[in-house]
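# Coordinate inspection notes
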Amino acid sequence: MLGGVADVRAADEASWSHEYRLVDAQGFPNITRLSTQPAEVTDDEIFLARVQALITAIEQRVRDPREGQGASAGV
């Protein structure tokens, strides 16, 4: 599985370094400015974002336990 993750990361970086350099510089100045920098999202940042999303979902459910049950629950 880890090889697959590395392959996906390599493909993302290749897209970033190639495709984004081809965009119109006047139409997309920020992309052009950042085109030489690979996207840097670490596994720790991804984990933290997922944990924060889970905590937010739990907090919302605590505020209104009926939320998320949907129409099939008869609410």
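Residues numbered from 1 in each chain as written. Predicted model: local features only at pLDDT ≥ 70, side-chain atom pairs only at ≥ 80, totals over all residues. Heavy atoms only, no water.

## Digging into the overall build of the protein chain
If you tally the helices and strands in the protein chain, you get three helices and zero strands. In the protein chain, which comprises 75 residues, the proportion classed as buried is 3%. For the protein chain, the exposed area adds up to about 6600 Å²; of that, 59% sits on carbon and sulfur atoms. (Helix = DSSP H or I, 4+ residues; strand = E, 2+ residues; numbered from the N terminus. Buried < 20%, exposed > 50% of the residue type's maximum accessible area, 1.4 Å probe, protein only. Areas by Shrake-Rupley, 256 points an atom, 1.4 Å probe, with all protein chains shown as cover.)

## Things to note about a negative patch on the surface
A surface patch of like charges, here negative, comprises E40, D43, D44 and E45. With respect to the helices and strands, D43 occurs in helix 3 (residues 43-63). Accessibility expressed as a relative area gives 65% for D43, which makes it exposed. (Patch = residues over 30% accessible without salt bridge, like charges linked within 9 Å, V, L, I, M, F, W, Y side chains within 5 Å. Salt bridge = Lys/Arg side-chain N within 4 Å of Asp/Glu carboxyl O. Lys, Arg positive; Asp, Glu negative; His and termini not counted. Charge placed at Lys NZ, Arg CZ, Asp CG, Glu CD.)

## Focus on the confidence of the model for the protein chain
Confidence along the protein chain averages 77 in pLDDT terms, with 76% of residues attaining 70 or more. When mean pLDDT is taken per element in the protein chain, helix 3 scores highest with 92 and helix 1 (residues 2-18) scores lowest with 74. Contacts of residues 71-75 to residues separated by more than four positions or lying in other chains number two contacts, the stretch itself having pLDDT below 50. (pLDDT = per-residue confidence, 0-100. Contact = heavy atoms within 4.5 Å.)

## A few points about a nonpolar patch on the surface
Where nonpolar side chains cluster on the molecular surface, the patch consists of F47, V51 and I55 and spans about 280 Å² of accessible area. Topologically, V51 is positioned in helix 3.

## What to know about the environment of V23
As for its placement among the helices and strands, V23 is situated in the loop between helix 1 and helix 2 (29-34). On the basis of relative accessibility, which here comes to 27%, the residue V23 falls in the partly exposed class.

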